[in-house]
Amino acid sequence: MASSSLFCTCPLQGAVSAPKTMKCYTDFLSNHSSLFKQSPDSGSHSRVLFNVKSINREQSGRLLPRNRVQCQALEVDNKSSILIGNKFQLDDVIEAQQFDRDILTAIFEVTREMERVEKNSHNSQILKGFLMATLFYEPSTRTRLSFESAMKRLGGEVLTTENAREFSSAAKGETLEDTIRTVEGYSDIIVMRHFESGAARRAAATASIPVINAGDGPGQHPTQALLDVYTIEREIGKLDGIKVGLVGDLANGRTVRSLAYLLSKYQDVKIYFVSPELVKMKDDIKDFLTLKGVKWEESGDLMEVASKCDVVYQTRIQRERFGERTDLYEEARGKYIVDGAVLGVMQKHAVVMHPLPRLDEITVDVDTDPRAAYFRQAKNGLYIRMALLKLLLVGW
């Protein structure tokens, strides 16, 4: 889809309310429809994505005395079902099931715009005046740093707690709900990683500001899945009709669970599950895929699967999920390794992906092959998270 980097500032009369859900979007479209015009080119429509950068959201959601919004014009192919007047609502980002295909298309459109914004991010004021709090109860490198980088590159600020499980009041017994109620008083959006599945949903139910799930135990990691699907589209050139091999720790891997949910939105997708017996994909995902008509197959032969797939998505065996059962961990690890031999049977257009960090499940010699997409994949995480922060804080 063609897009324009044009930004315009449009004066609006009166104050604008900015509650958590950005429900003002629909009212904005109704009250200021004159701002939106169809492109003279019959092959496309012009959509104005407004960026209420001057609105400082407050917990009370009261009207603020600001009267200017920043408008970003994008040209959208007329095949898109996300057009002016259509509702785009993101309260929180908690699980992959929140997104349908049209919403994914729209998010990826904004993500492509963020790639251009990032190149000149020293001038960006899109999120000026906004504060993001990161609460990470589990270790993280890429997710935490990419969120913090995304916020700063859009002109926002960051409040961060690393290892919140040990270095926050959680160590004193404070409940998650009390922590969220406290932190939302200091910030405009919360990005949280937690060791318990379902913790992000609890946080979102408590907070009156947006919450983004940056991984909740063995549950889900929706922003990783978004960047994974975005990467597949960028690398392969399509999302319909692809074959994806999910390899490694599929029982505990929240990334593969979320990715499976998102892949179900596309047509003629087939998913192969390749894992040790101890960490096979759980039945809830397989049942969901069957319900949605998505073909899937379990296999013990990585070489055969790699020869068929457009994407080999490798994951590490997660030692932290085994507790004291190190014997089970040692039994599971090292069984499926992507190396030169696996590359040798892969198709020329296919790619190897990995949510990282890796241990020994992808050998370092694979890094120099152009089909090794995992570091490009990590970079795409910045763009996806820039897009999500923009959407959740200021809307279109």
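Higher on the page you've got the structure.
Thresholds, definitions, all that
- Residues numbered from 1 in each chain as written.
- Predicted model: local features only at pLDDT ≥ 70, side-chain atom pairs only at ≥ 80, totals over all residues.
- Heavy atoms only, no water.
- Helix = DSSP H or I, 4+ residues; strand = E, 2+ residues; numbered from the N terminus.
- Contact = heavy atoms within 4.5 Å.
- Areas by Shrake-Rupley, 256 points an atom, 1.4 Å probe, with all protein chains shown as cover.
- Axes fitted to C-alpha atoms, helices over the stretch in contact; angles between N-to-C directions.
- Parallel < 35°, antiparallel > 145°, perpendicular 65-115°, else oblique.
- Left-handed = near helix turned anticlockwise from the far one by under 90°.
- Phe/Tyr/Trp six-rings, centres within 6.5 Å; stacked < 30°, edge-to-face > 60°.
- Buried < 20%, exposed > 50% of the residue type's maximum accessible area, 1.4 Å probe, protein only.
- Pairing = 2+ DSSP bridges.
- Salt bridge = Lys/Arg side-chain N within 4 Å of Asp/Glu carboxyl O.
- Lys, Arg positive; Asp, Glu negative; His and termini not counted.
- Polar contact = N/O pair within 3.5 Å; in protein donor to acceptor, adjacent residues only side chain to side chain.
- Right-handed = clockwise from strand over helix to strand, strands pointing away.
- Core = buried A, V, L, I, M, F, W, Y, C linked by side-chain atoms within 4.5 Å.

1. Points about the overall build of the protein chain
Part 1 of the reasoning: Scanning the protein chain from terminus to terminus reveals 13 helices and twelve strands.
Part 2 of the reasoning: Within the protein chain, contacts between residues at least 6 apart in sequence are counted, and of these 75% link residues at least 24 apart.
Part 3 of the reasoning: Total accessible area on the protein chain is roughly 16900 Å²; 48% of this is exposed by carbon and sulfur atoms.

2. Remarks on the packing of helix α5 (residues 176-183) against helix α6 (residues 199-206)
Part 1 of the reasoning: Here α5 crosses α6 at 50 degrees, and the two axes come no closer than 9 Å. Looking at the two axes, α5 sits oblique to α6. The way α5 lies across α6 gives a crossing that is right-handed. Seen from α5, the contacting residues are L176, E177, I180 and R181; seen from α6, they are A199, R202, A203 and T206.

3. Concerning the packing of aromatic side chains
Part 1 of the reasoning: Taken as a whole and judged by the stated rule, the model has five aromatic pairs.
Part 2 of the reasoning: On the numbers, 5.9 Å between centres and 45 degrees between planes, the contact of F273 with W296 is tilted. Pair noted here: F273 is in strand β9 (residues 270-274) and W296 is in strand β10 (residues 295-299), with a separation of 23 residues, a long-range link.

4. Side note on helix α8 (residues 254-263)
Part 1 of the reasoning: Counted residue by residue, α8 has ten buried out of ten residues, so it is predominantly covered.
Part 2 of the reasoning: Those residues of α8 that fall on the buried side of the exposure criterion are R254, T255, V256, R257, S258, L259, A260, Y261, L262 and L263.

5. A few points about the environment of P355
Part 1 of the reasoning: Secondary-structure assignment places P355 in the loop between β12 (351-353) and α13 (374-394).
Part 2 of the reasoning: If we skip the residues at most four places from it in the chain, P355 touches R142, Q224, T255, Y313, Q314, T315 and Q377.

6. With respect to the side chain of Q377
Part 1 of the reasoning: Mapped onto the elements, Q377 comes out in helix α13.
Part 2 of the reasoning: The residues touching Q377, leaving out its near neighbours within four places in the chain, are Q224, L227, D228, T231, Y313, M353, H354 and P355.

7. Brief notes about the sheet that holds β10
Part 1 of the reasoning: What the five strands build is an open sheet, ordered β10-β9-β8-β11-β12; its pairing is parallel. The outermost strands of the open sheet, each flanked by one partner alone, are β10 and β12. In this sheet, adjacent strand axes meet at a mean angle of 20 degrees when their direction is disregarded.
Part 2 of the reasoning: Taken together, the three bridges between strand β11 (residues 311-314) and β12 define a ladder with parallel strand orientation. Paired with V312 across the strands is V352, a residue of β12.
Part 3 of the reasoning: Across the face of the sheet, helix α9 (residues 283-291) comes into contact with β9 and β10 while running at roughly 145 degrees to β10.

8. Describing the packing of helix α7 (residues 222-236) against α8
Part 1 of the reasoning: Relative to each other, α7 and α8 sit at 55 degrees, their axes nearing to 8 Å. Relative to α8, α7 is oriented oblique. α8 is crossed by α7, and the crossing has right-handed handedness. Within the contact between the two elements, α7 uses P222, Q224, A225, L226, D228, V229 and I232 and α8 uses T255, S258, L259, L262 and L263.

9. Regarding the pattern of salt bridges
Part 1 of the reasoning: Going through the model one piece at a time under the given rule, you end up with 23 salt bridges.
Part 2 of the reasoning: Its salt-bridge partner being E118, residue K379 comes within 3.3 Å of it at the nearest N-O pair. In this pair, K379 sits in helix α13 while E118 sits in helix α2 (residues 101-119), placing the two residues 261 residues apart along the sequence.
Part 3 of the reasoning: The salt bridge involving K286 is made with E298; its shortest N-O contact spans 3.1 Å. Here K286, found in helix α9, pairs with E298, found in strand β10; they are twelve residues apart in sequence, far enough to count as distant.
Part 4 of the reasoning: Residue E298 is classed as partly exposed on the basis of its relative accessible area of 33%.

10. Here's the deal with the side chain of E361
Part 1 of the reasoning: Inspection of the secondary structure puts E361 in the loop between β12 and α13.
Part 2 of the reasoning: Here E361 occupies a buried position and makes no salt bridge, while the nearest side chain of opposite charge, R316, is found at 6.1 Å.
Part 3 of the reasoning: Within the local environment of E361, its side chain forms a polar contact with the side chain of H354, the two groups lying 2.6 Å apart.
Part 4 of the reasoning: For E361, the contacting residues outside a window of four places in its chain are Q314, T315, R316, Y336, I337, V338 and H354.

11. So, the pairing of β10
Part 1 of the reasoning: Alignment of β9 against β10, held across five bridges, turns out to be parallel. Along β10, the bridge assignment pairs K270 with K295.
Part 2 of the reasoning: A crossover links β9 with its parallel partner β10, the connecting element being α9, and its sense is right-handed.

12. Side note on the pairing of β11
Part 1 of the reasoning: A two-sided burial pattern is seen for β11, the buried positions comprising V311 and Y313 on one face and V312 and Q314 on the other.
Part 2 of the reasoning: Bridge count for strand β8 (residues 243-247) against β11 is four bridges, and the pairing is parallel. Across the sheet, G245 pairs through a bridge with V312, a residue of β11.

13. Considerations on the nonpolar core
Part 1 of the reasoning: Counting 70 residues, the largest nonpolar core has F99, F108, L127, L246, I271 and L389 as its most contacted members.
Part 2 of the reasoning: Looking at this core, the element that brings in the most residues is α13, giving eleven residues.
Part 3 of the reasoning: Among residues more than four places away in sequence, those in contact with F99 are L90, V93, L104, I107, L226, L262 and K265.
Part 4 of the reasoning: By size, the runner-up hydrophobic cluster in this structure holds 20 residues, among which are C309, Y336, M346 and A350.

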